[in-house]
Amino acid sequence: MTDNAELTASFTELYGKAPEGIWAAPGRVNLIGEYTDFNDGFVMPLALPHAARAAVARRTDGEVRLHSTDVPGGVVSLRVDELTPHSGHGWAAYPAGVVWALREAGHPVTGADIQLTSTVPVGAGLSSSAALEVVTALALNDLFELGLTAPELAVLGQRAENDFVGVPCGVMDQMASACCTEGHALYLDTRDLTQRQVPFDLAAHGLQLLVVDTRVKHALGDGAYAERRAGCETGARTLGIPTLRDLPYDGLDEALGTLEAADVDESVVRYVRHVVSDNHRVERVIELLDAGDVRAAGPVLDDGHRSLRDDLRVSCPELDLVVAAAGEAGALGARMTGGGFGGSAIVLVEDAAADTVTKAVVEAFTSAGHAAPGIFPAVPSAGARRLPPAVPAV
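Residues numbered from 1 in each chain as written. Predicted model: local features only at pLDDT ≥ 70, side-chain atom pairs only at ≥ 80, totals over all residues. Heavy atoms only, no water.

Looking at an unreviewed UniProt entry, the protein carries the name Galactokinase, with the source organism given as Streptomyces salyersiae. What UniProt records for the protein under Function (unreviewed entry) is the sentence "Catalyzes the transfer of the gamma-phosphate of ATP to D-galactose to form alpha-D-galactose-1-phosphate (Gal-1-P)." A UniProt comment under Subcellular location (unreviewed entry) is attached to the protein, and it reads "Cytoplasm". (UniProt positions renumbered as here; feature names shortened; annotations may be inferred.)

As structure tokens, this is what we get:
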């Protein structure tokens, strides 16, 4: 990861001119509310210090040139009027998809030179792709003076991932990257995109939220997201409601009985139970944070993991091992976060117990024959922003 001065110098050497600015957009970790966003539900992500940065300059000749300092290979050159969904391009599909989505929405993006670099771990379920999309969208919004709001940029980033790249994700990742603020978690209603910044000052409470990157990704996850989304839609359709968001928690038991009587696949019953109960868990965590009782959120995280493991069935042995080992070592609570089948877990710990819990998780992985996980504290950080100009070295 280069600093801003290095990124500016690298861009200048690559493209033969200086960038017009540097922008940043973070990855995210989700505190609670998983697989709820495509059901119009509630989520509660926070931005990480890890971010994608983009050095960008406008072009007027209809060409977009893309380069990453993190991926081997040269510049990817594309014509903006020839961008076509599902046409490949590897990592470059994410920023290229943003250019496509902006132009599809009628915005006059006439080309750009873009160089990207990122510290968001890839494949860890921390939204490295959303960070690329949002940082590109923000830079082009500023340079072409499009006047789009942060939520509008997030929706365009989601469209790039859904329709251009072909990943049927909800809007949480892009909204977190675009809209989170330092020291807060983002309480987001994914139906109407209303949001509230909820104070989440862990240090003031003597706590840490650890992210444990298992460094594994199981192939089972490839089609599992779409399958679960379809199952949720089947459940809502069978219950005669627009989405599972419309099923209140106190009506869950009756609804599950209705589904069983309708002879739907048992997986649909499990998916409905998870989504409705996880929406309820988001509301419960909000109540606890508003009351200043952050520690009491720990058991809610544990409960959320059980639901993801047993009802949604998107966990894996490595994620379960993190949660079990952390709990045995004194963690307040833990759960997998993100899409599952690998990726990362989060662990809520007392400051004094952080080293003990970290050591216990690493030793559990070693004993099980797994490679050591990556572990770091999740510090609630700022969302997407333009960075100040680099100060030349003296």
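Colleague: Would you take a moment to explain the packing of aromatic side chains for this structure?
Modeller: Aromatic rings considered in pairs are described by the distance between their centres and by the relative angle of their planes. This model, assessed by the stated rule, comprises six aromatic pairs. The interplanar angle of 80° and the centroid separation of 6.1 Å between the aromatic rings of Tyr35 and Phe38 together place this pair among those described as edge-to-face. For Tyr35, a relative accessible area of 6% gives the class buried. Accessibility expressed as a relative area gives 12% for Phe38, which makes it buried. (Phe/Tyr/Trp six-rings, centres within 6.5 Å; stacked < 30°, edge-to-face > 60°. Buried < 20%, exposed > 50% of the residue type's maximum accessible area, 1.4 Å probe, protein only.)

Colleague: I would appreciate a short explanation of the side chain of Thr136 in the present structure.
Modeller: Summarising the element assignment, Thr136 is placed in helix α3 (residues 128-143). Looking at Thr136, its side chain comes within polar contact range of the main-chain oxygen of Leu132, at 2.8 Å. (Helix = DSSP H or I, 4+ residues; strand = E, 2+ residues; numbered from the N terminus. Polar contact = N/O pair within 3.5 Å; in protein donor to acceptor, adjacent residues only side chain to side chain.)

Colleague: Could you clarify how one ought to interpret the UniProt feature "domain: GHMP kinase N-terminal" (unreviewed entry) in the protein in this entry?
Modeller: Using the residue numbers shown here, the UniProt feature "domain: GHMP kinase N-terminal" (unreviewed entry) corresponds to residues 94-179. Between the C-alpha atoms that bound residues 94-179 the distance is 19 Å, and the span itself is 59% helix and 8% strand.

Colleague: When you look at the nonpolar core in this model, what are you seeing that I'm missing?
Modeller: Side chains of nonpolar character tend, in soluble globular proteins, to be buried together. By size, the foremost hydrophobic cluster in this structure holds 81 residues, and its most contacted members are Leu31, Met44, Val56, Phe200 and Leu209. Looking at this core element by element, the count peaks at nine residues for α3. The next biggest cluster of nonpolar side chains, apart from the first, holds 44 residues, and it includes Tyr225, Cys316, Ala331 and Phe341. (Core = buried A, V, L, I, M, F, W, Y, C linked by side-chain atoms within 4.5 Å.)

Colleague: It is not clear to me how the packing of helix α7 (residues 252-261) against helix α8 (residues 266-290) should be interpreted in this structure. Could you clarify?
Modeller: A packed helix pair is summarised by two numbers, namely the angle formed by the two axes and the spacing between the axes. The geometry of α7 relative to α8 is characterised by a closest axis approach of 10 Å and an angle of 165° between their N-to-C directions. Compared by their axis directions, α7 and α8 come out roughly antiparallel. Of the two elements, α7 crosses α8, and the hand of that crossing is right-handed. Judged by residue contacts, Leu252, Leu256, Leu259 and Glu260 of α7 engage Val269, Val272, Arg273 and Val276 from α8. Split into classes, the residues belonging to the contact of α7 with α8 amount to six nonpolar, no polar and two charged. (Axes fitted to C-alpha atoms, helices over the stretch in contact; angles between N-to-C directions. Parallel < 35°, antiparallel > 145°, perpendicular 65-115°, else oblique. Left-handed = near helix turned anticlockwise from the far one by under 90°. Contact = heavy atoms within 4.5 Å. Nonpolar A, V, L, I, M, F, W, Y, C, P; charged D, E, K, R; others polar.)

Colleague: When you look at the UniProt feature "binding site: substrate" (unreviewed entry) in the protein in this model, what are you seeing that I'm missing?
Modeller: Per the UniProt record, "binding site: substrate" (unreviewed entry) is found at Glu34, Tyr35, Thr36, Asp37 and Tyr225. The named residues occupy 192 residues along the chain; their greatest pairwise C-alpha distance, 12.2 Å, places them in one compact cluster. Among the secondary structure elements, Thr36 is positioned in the loop between β1 (21-30) and β2 (42-43). Not counting chain neighbours up to four residues away, the residues in contact with Thr36 comprise Gly41, Phe42, Val43, Thr190, Val275, Asp278 and Asn279. A distance of 3.4 Å separates the side chain of Thr36 from the backbone oxygen of Gly33, its partner in a polar contact. Note that Asp37 resides in the loop between β1 and β2.

Colleague: Whenever I open this one, the packing of α3 against helix α4 (residues 150-165) confuses me. Can you help?
Modeller: Running from N to C, α3 and α4 point in directions that differ by 125°, and their axes come no closer than 9 Å. Comparing their axes, α4 and α3 come out oblique. When you trace α3 past α4, the crossing you get is right-handed. Contacts between α3 and α4 involve Ser129, Ala130, Glu133, Ala137, Leu138 and Asn141 from the former and Leu153, Gly157 and Glu161 from the latter. For the contact of α3 with α4, the class distribution of residues is four nonpolar, three polar and two charged.

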